[in-house]
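As a plain string of letters, each chain reads:
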Amino acid sequence: MQDSIDYILFKCAKADIEKGHTISDLSLLALDFTLPHAPKGQKWNKKLAMDYFHNNQITERKLGYILAEIE
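Figured I'd write up the structure that's included with this text. (Residues numbered from 1 in each chain as written. Predicted model: local features only at pLDDT ≥ 70, side-chain atom pairs only at ≥ 80, totals over all residues. Heavy atoms only, no water.)

### Concerning the packing of helix H2 (residues 46-54) against helix H3 (residues 60-70)
For any two helices packed against each other, one specifies the inter-axial angle together with the distance between the axes. Look at H2 against H3: their axes get within 10 Å of each other, and the N-to-C directions meet at 180°. Viewed along their axes, H2 and H3 adopt a mutual orientation that is roughly antiparallel. Counting all contacts with H2, which are made through Lys46, Ala49, Met50 and Phe53, the residues of H3 involved are Glu60, Leu63, Ile66, Leu67 and Ile70. Broken down by class, the residue content of the contact of H2 with H3 amounts to seven nonpolar, no polar and two charged. (Axes fitted to C-alpha atoms, helices over the stretch in contact; angles between N-to-C directions. Helix = DSSP H or I, 4+ residues; strand = E, 2+ residues; numbered from the N terminus. Parallel < 35°, antiparallel > 145°, perpendicular 65-115°, else oblique. Contact = heavy atoms within 4.5 Å. Nonpolar A, V, L, I, M, F, W, Y, C, P; charged D, E, K, R; others polar.)

### Description of the packing of aromatic side chains
Applying the stated criterion to the full structure yields five aromatic pairs. Seen from their ring centres, Tyr7 and Tyr65 are 5.6 Å apart, and the 25° between their planes marks the pair as stacked. With Tyr7 in helix H1 (residues 2-18) and Tyr65 in helix H3, this pair connects stretches of sequence that are 58 residues apart. For the pair shown, Tyr7 and Tyr65 are each scored as buried. An aromatic cluster is present here, built from Tyr7, Phe10, Phe33 and Tyr65 joined pairwise through their rings. (Phe/Tyr/Trp six-rings, centres within 6.5 Å; stacked < 30°, edge-to-face > 60°. Buried < 20%, exposed > 50% of the residue type's maximum accessible area, 1.4 Å probe, protein only.)

And the structure:
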């Protein structure tokens, strides 16, 4: 859950910076929120992400990022 929240906060901070605003805590921008590529020919969805997580193909952190991006 925390990974999803951090990802959403990152996306909001990034959007605000692109609009010319400043943020008080830049530490969030130093983290790697890169989403893993979905399998060829597919888009991430909850079931696919959970399958990949349960098969140890993505970490719990990356799962959180993917789920936040889907929402």
